[in-house]
Amino acid sequence: MEQFAPVKRSKDGQPVRYLVVDDSVFARKNLVRIIETFGGQLAGEAGDGATAITEYDRTNPDIVLMDITMPQMEGIEAAEKIVRQHPEARIVMVSSVGYQENIVAALQRGARHFVQKPVKPEVLYEVIKYVLGEDATVSNAAGAGA
Amino acid sequence: MKMELIQPFINAADAVLAEGLQCSTTVSSLSMEEEAYRRKGVAALIWVSGDIEGRVILDLDTQTAVRVASKFAGTELPESDTLVRETVCELANQVTGNAITALNDQGFHFRVHPPILHTEDGSKSSEDTEALVICFETASGNVFMNIALRYNRRRQGERAMAAGQ
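Rules used throughout
- Residues numbered from 1 in each chain as written.
- Chains lettered and ligands numbered in written order.
- Predicted model: local features only at pLDDT ≥ 70, side-chain atom pairs only at ≥ 80, totals over all residues.
- Heavy atoms only, no water.
- Core = buried A, V, L, I, M, F, W, Y, C linked by side-chain atoms within 4.5 Å.
- Buried < 20%, exposed > 50% of the residue type's maximum accessible area, 1.4 Å probe, protein only.
- Helix = DSSP H or I, 4+ residues; strand = E, 2+ residues; numbered from the N terminus.
- Contact = heavy atoms within 4.5 Å.
- pLDDT = per-residue confidence, 0-100.
- Salt bridge = Lys/Arg side-chain N within 4 Å of Asp/Glu carboxyl O.
- Arc of directions from axis to C-beta.
- Buried area = accessible area lost by both parts, 1.4 Å probe.
- Polar contact = N/O pair within 3.5 Å; in protein donor to acceptor, adjacent residues only side chain to side chain.
- Axes fitted to C-alpha atoms, helices over the stretch in contact; angles between N-to-C directions.
- Parallel < 35°, antiparallel > 145°, perpendicular 65-115°, else oblique.
- Left-handed = near helix turned anticlockwise from the far one by under 90°.
- Nonpolar A, V, L, I, M, F, W, Y, C, P; charged D, E, K, R; others polar.
- Phe/Tyr/Trp six-rings, centres within 6.5 Å; stacked < 30°, edge-to-face > 60°.

K.L.:
Explain the nonpolar core to me, please; I cannot follow it from the model alone.
P.N.:
Note that soluble globular proteins tend to have their nonpolar side chains buried in a common cluster. Core analysis: the largest hydrophobic core is formed by 49 residues, its most contacted members being F9 and M145 of chain B. Ranked by residue count, the leading element in this core is helix 3 (residues 81-105) of chain B, at ten residues. For F9 of chain B, the residues in contact, after removing those within four places along its chain, are V56, V95, T96, A99, I100, L103, M145, I147 and L149 of chain B. By size, the runner-up hydrophobic cluster in this structure holds 24 residues, among which are V16, I35, V115 and V131 of chain A.

K.L.:
Looking at this structure, I do not really get the environment of A27 of chain A. What am I missing?
P.N.:
Residues and elements named next belong to chain A. You can see A27 is positioned in helix 1 (residues 25-37). Given the relative accessible area of 7%, A27 is considered buried. A sequence separation of 91 residues divides A27 from P118, and the C-alpha atoms of the two residues are 9.4 Å apart.

K.L.:
It is not clear to me how the confidence of the model for chain B should be interpreted in this structure. Could you clarify?
P.N.:
Regions with low pLDDT should not have their predicted coordinates read in detail. All names here are of chain B. Summing up the model confidence of chain B, the mean pLDDT is 84 and the portion of residues at 70 or higher is 85%. Averaged pLDDT values over the elements of chain B bottom out at 66 in helix 4 (residues 153-164) and peak at 93 in strand 6 (residues 131-138). Here residues 123-128 is a poorly scored stretch, pLDDT under 50, and it has 13 contacts once near neighbours within four places are set aside; other chains count. With a pTM of 0.83, the predicted complex shows an ipTM of 0.77.

K.L.:
I'm lost on the pattern of salt bridges in this one. Help?
P.N.:
Charged atoms that come close allow side chains of opposite charge to pair. Residue and element names in this part refer to chain A. In this structure the tally under the stated criterion is 14 salt bridges over all chains. Residue R9 is joined to D12 by a salt bridge in which the shortest nitrogen-to-oxygen separation is 2.7 Å. Residue classification places R9 among the buried positions, given a relative accessible area of 15%. Among the residues examined, D12 registers a relative accessible area of 36% and is labelled partly exposed. In this structure, K117 and D67 form a salt bridge, with 3.8 Å as the shortest nitrogen-oxygen distance. Remark: D67 occurs in the loop between strand 4 (63-66) and helix 3 (75-85) and K117 occurs in the loop between strand 6 (113-116) and helix 5 (121-132); sequence separation between them is 50 residues. The exposure class assigned to K117 is buried, which follows from its relative accessible area of 4%.

K.L.:
Could you clarify how one ought to interpret helix 3 of chain A in this entry?
P.N.:
Along an α-helix, residues three or four apart share an orientation, since each turn contains 3.6 residues. All names here are of chain A. Where helix 3 is concerned, the buried positions are G75, I76, A78, A79, I82 and V83. Projection of helix 3 onto a plane perpendicular to its axis shows the buried side chains occupying an angular sector of 160°, all on one side. Facing away from the buried side of helix 3, by more than 90 degrees, are the exposed residues R84 and Q85. Close packing links the buried residues of helix 3 with helix 2 (49-59), strand 4, strand 5 (91-95) and helix 4 (100-108).

K.L.:
Mind showing me how you'd approach the interface of chain A and chain B here?
P.N.:
Where the parts come together, the accessible area they lose is often given as the size of the interface. Across the contact, 23 residues belong to chain A and 25 residues belong to chain B. Each partner contributes to the roughly 1,900 Å² buried at the junction of chain A and chain B, and carbon and sulfur atoms together form 54% of this total. Among the residues chain A hides against chain B, the three largest losses belong to F26, Y99 and P118 of chain A. Together they make up 34% of the total. The tally of links between chain A and chain B comes to two salt bridges. Put simply, E74 of chain A and R111 of chain B hold a salt bridge, and the shortest N to O gap is 2.9 Å. Joining chain A to chain B, the criterion identifies 13 residue pairs in polar contact (both at pLDDT 80 or more).

K.L.:
Before we go on, may I ask you to explain the packing of helix 2 of chain A against helix 3 of chain A in this structure?
P.N.:
Describing two packed helices takes the angle between their axes plus the distance from one axis to the other. Residue and element names in this part refer to chain A. Between helix 2 and helix 3, the shortest axis-to-axis distance is 8 Å and the interhelical angle comes to 25°. Between helix 2 and helix 3, the crossing angle belongs to the class labelled roughly parallel. Note that helix 2 runs across helix 3; the crossing there is right-handed. Facing helix 2, whose interface residues are G49, A52, I53 and Y56, helix 3 presents A78, K81 and I82. Tallied by class, residues from the contact of helix 2 with helix 3 come to five nonpolar, one polar and one charged.

K.L.:
Explanation requested: the packing of aromatic side chains in the structure shown.
P.N.:
Counted by the stated rule, this structure contains four aromatic pairs over all chains. Taken together, a centroid distance of 4.6 Å and an interplanar angle of 35° make the contact between F4 of chain A and Y125 of chain A tilted. One end of the pair, F4 of chain A, is in the segment before strand 1 (7-9); the other, Y125 of chain A, is in helix 5, with 121 residues separating them in the sequence. Each member of the pair F4 of chain A and Y125 of chain A is classed as buried. Measuring from centroid to centroid gives 6.0 Å for F108 of chain B and Y151 of chain B, while their planes differ by 40°, and the two rings are tilted. Linking F108 of chain B in the loop between helix 3 and strand 4 (110-112) with Y151 of chain B in strand 7 (residues 141-151), this pair joins segments that are 43 residues apart in sequence. For the residue pair F108 of chain B and Y151 of chain B, the accessibility class agrees, reading buried in each case.

Written out as structure tokens, the structure is:
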């Protein structure tokens, strides 16, 4: 898998920490592999929206990658609840259902961006950098490919 | 069953498989099926409700599912029941989600339900839920998609009334 120039937190130079939320273990594993190519670190995982909320409180991640269609509580509702409690939360919706209404609903309820599945690593990489803005730096580590 | 409902699913399956497997795909067969669906391997079923309702089944044999999972992951993965089930469900989720996105942009509104494993051979299709079975040939093996969709008559009536006003 392609390696990208590591994205680090500006404040302390540590890896960006991700909370990955998807009801599919397979999808979560793929996302974890992708964020590792960005130099990221897994803070936690959740398989539904309700668990995502408790995992956010427990892990305080830098970025949440959130699926939309999930059992018990869907991603948009979970994103809204997280942002209500933590207005600084950076949530990127990652879903195969990418029609405009869905994207607008997610953004209106607090998500920062949207990435459609199947996830292209180079697209997610750019979105992560955009969402983190000045809170991230891209290190020019040797061997970085992108 | 209208082709305008089916084509987005064919396009979505083609795009998702081509992206995940990094290869081109071809539709090797396409047939109508009125009998109960007989699984070829491990099958995931997704229900769709709204302006259009019905279901989509994605079906792969075990070895194909392991090869597809390995391709998607970018590394060789060992065979396991969990991996195979997860792969088939996620593939069904991505294909259906992408198709629904295209149909929604055409003005149809509906909801996709989370994928479930299709463990039974199903009940017989009714007259207006006849299924279309499409076989996609890929470098990792054959992927079967079985689609049974119909217009929601109540919603269709409401749309016609709204258009007439």
